[in-house]
Amino acid sequence: MKKKLIIFSLLCITFAPSWAQNEGGEEDIDFPEAMDYSLDSLLGQYMTKTYLSADNDCQSKNVNPTFDTQVYIDRLHRMPTIMEMPHNDIVQECIDRYTGRLRQSISYMLGASNFYMPVFEEALDLYQLPLELKYLPIIESALNPTITSRAGACGLWQFMLTTGKAYGLTINSLVDERRDPVKSSYAAARYLRDLYNIFGDWNLVIAAYNCGPENINKAIRRAGGERDYWKIYPYLPKETRGYVPAFIAANYVMTYYCEHNICPMTSQLPTKTDTVMIDRNVNFSQIADVCGLDINMLRALNPAYKRDIVPGATALSPVRLPVNYVPLFIDRQDSIYATTSTTAKRLVVEVDDQVVKKVQSSSSRKSKGAQYHKIRSGDNLGSIARKYGTTVNKLKKLNGMRNTNIRAGQSLRVR
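Residues numbered from 1 in each chain as written. Predicted model: local features only at pLDDT ≥ 70, side-chain atom pairs only at ≥ 80, totals over all residues. Heavy atoms only, no water.

A.B. asks: Quick question: what am I supposed to make of the nonpolar core here?
C.D. replies: It is characteristic of soluble globular proteins that their nonpolar side chains tend to be buried jointly. Among the nonpolar cores identified, the biggest contains 101 residues, and Tyr-98, Leu-143, Tyr-209, Ile-216 and Ile-287 are the most heavily contacted of them. With residues up to four places along the chain from it excluded, the contact list for Ile-216 reads Phe-199, Leu-204, Ala-207, Ala-208, Cys-211, Ile-232 and Leu-236. Grouped together as the second largest cluster of nonpolar side chains are nine residues, Ala-385, Tyr-388, Leu-395 and Val-414 included. (Core = buried A, V, L, I, M, F, W, Y, C linked by side-chain atoms within 4.5 Å. Buried < 20%, exposed > 50% of the residue type's maximum accessible area, 1.4 Å probe, protein only. Contact = heavy atoms within 4.5 Å.)

Okay, here's the thing in structure tokens:
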């Protein structure tokens, strides 16, 4: 069912700030967790510490200029988006936060976006979704694929474990595809498409992405059936009240960063990569040593492998490499596989003969004096238990049985 979009007038677009306040006048809104990540915490991750650095050629002054409200309104209106990008006091607060104390974090995200945005755009385009959704990971993860939220959401798109598995992502002790930029992006696109099929309004879709469809439906009911995000706003969870404004602000700052004297960091991550498929267990150190590739580069390109182990023996597994290293990997793969892995699992473990004898002797003593019953036609566990003064459960436990099925001619241990 088609939903009517609210078209905000350029002159009458500011909403009452009381929407973000409780009765005491204090703010009753939480902004997305990623808006609290400092630059130091982002650069502390192994994937960015080495491959993103300040652009020394940037001539912009590190000063955030101020503009009239109408300037922000006009800029938001000019952005080529399907989703509406209205302005209000809450959106302005998010813009001020991004262009103010988070401006260095935006510099980091602009540098990382050169690597990630093409992946996001391809996934969104495949499912015919608005391309402005590519900035959703800005407010979800600050473009950090290994980040985990306080609630346990993980990856660029911050999937919870159950949602990630529901959309086909593998998650186990070695692999977490929520951290895989490509697979998680396509999963996120499918999830966003499914949410749009439910709500038919993009503001409600991204709000539901944050707090779940159930909370959106609850807010709609409390608002008397209204299906406009800004009308159900007072009934939403605190963080979701800041979520759509933060999304609008992320679109703004990633579009108009130059106007705020923000310089993108320089990224040394390769723009061209390709994958090789591996059919046995391999450690990153094996690939790095034989191919002369920095192991941190492997980690940066393959964040889904949590322990530096590619479990190819379990299922055919992809490894992403800089495109110029793919022929080298193919030429040297026998040497890579032959290299000893420090994390190889033992298939067989030898046990001292004396220990084995002691175990066998103990087992023999326990079995000494055992009594058996030869099963005849018509016998059942109940009748046998009564005969020997025991219980059916004890008989099952003695004989390692999962059910009560017995067969004539068998010997059943009863003591």
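A.B. asks: Mind showing me how you'd approach the layout of surface pockets here?
C.D. replies: Over the atoms, a rolling probe the size of a water molecule traces out where space has been left empty. Considering only enclosed or pocket space, the largest pocket measures out at about 690 Å³ in volume. Lining the largest pocket are 31 residues, with Asp-180, Val-182, Thr-275, Pro-318 and Arg-320 positioned closest to its centre. Where the lining of the largest pocket is concerned, the elements lending two or more residues are helix H5 (103-126), helix H8 (181-199), strand S3 (273-278), helix H14 (295-301) and strand S6 (317-322). Of the residues forming the lining of the largest pocket, the biggest block, five residues, is contributed by H5. Here the lining of the largest pocket is built from residues that sort into 17 nonpolar, nine polar and five charged. The wall of the second largest pocket is formed by 23 residues, among which Glu-140, Ala-153, Gln-158, Met-160 and Asn-210 lie closest to the centre. Secondary-structure elements contributing two or more residues to the lining of the second largest pocket are helix H6 (136-141), helix H7 (161-166), helix H9 (202-211) and helix H12 (238-256). Here the lining of the second largest pocket is composed, by residue class, of 13 nonpolar, six polar and four charged. (1 Å grid on protein atoms, 1.4 Å probe; cavity = no way out; pocket = protein on both sides within 12 Å on 5 of 7 lines; lining within 4 Å. Points joined across faces, edges and corners; volume = space filled by probe spheres on them. Helix = DSSP H or I, 4+ residues; strand = E, 2+ residues; numbered from the N terminus. Nonpolar A, V, L, I, M, F, W, Y, C, P; charged D, E, K, R; others polar.)

A.B. asks: Before we go on, may I ask you to explain the side chain of Gln-92 in this structure?
C.D. replies: On the secondary structure map, Gln-92 appears in helix H4 (residues 89-99). On the basis of relative accessibility, which here comes to 13%, the residue Gln-92 falls in the buried class. Here the side chain of Gln-92 touches His-87 through a polar contact of 2.6 Å, side chain to side chain. Not counting chain neighbours up to four residues away, the residues in contact with Gln-92 comprise Tyr-72 and His-87. (Polar contact = N/O pair within 3.5 Å; in protein donor to acceptor, adjacent residues only side chain to side chain.)

A.B. asks: Just to check I follow, could you spell out the environment of Leu-236 for this structure?
C.D. replies: Position of Leu-236 relative to the elements: it lies in the loop between helix H11 (229-232) and H12. It is 8.9 Å that separates the C-alpha atoms of Leu-236 and Ala-207, two residues lying 29 residues apart in sequence. Not counting chain neighbours up to four residues away, the residues in contact with Leu-236 comprise Ile-216, Ala-219, Tyr-229 and Arg-241.

A.B. asks: Quick question: what am I supposed to make of the packing of H4 against H12 here?
C.D. replies: The description of two helices packed together rests on the angle between their axes and the distance between the axes. Two elements in contact, H4 and H12, have axes whose closest approach is 8 Å; the angle formed by their N-to-C orientations is 50 degrees. With respect to their mutual orientation, H4 and H12 come out oblique. Remark: the crossing between H4 and H12 carries right-handed chirality. On H12, the residues touching Ile-90, Val-91, Cys-94, Ile-95, Tyr-98 and Thr-99 of H4 are Gly-242, Pro-245, Ala-246, Ile-248, Ala-249, Ala-250, Tyr-252 and Val-253. Class assignment of the residues belonging to the contact of H4 with H12 gives a composition of 12 nonpolar, two polar and no charged. (Axes fitted to C-alpha atoms, helices over the stretch in contact; angles between N-to-C directions. Parallel < 35°, antiparallel > 145°, perpendicular 65-115°, else oblique. Left-handed = near helix turned anticlockwise from the far one by under 90°.)

A.B. asks: Whenever I open this one, the environment of Ile-138 confuses me. Can you help?
C.D. replies: Tracing the sequence through the fold places Ile-138 in helix H6. As a C-alpha pair, Ile-138 and Phe-247 span 109 residues in sequence and 8.0 Å in three-dimensional space. Beyond its immediate stretch of four places on either side in the chain, Ile-138 contacts Ala-34, Tyr-98, Met-109, Met-117, Leu-143, Ala-250 and Met-254.

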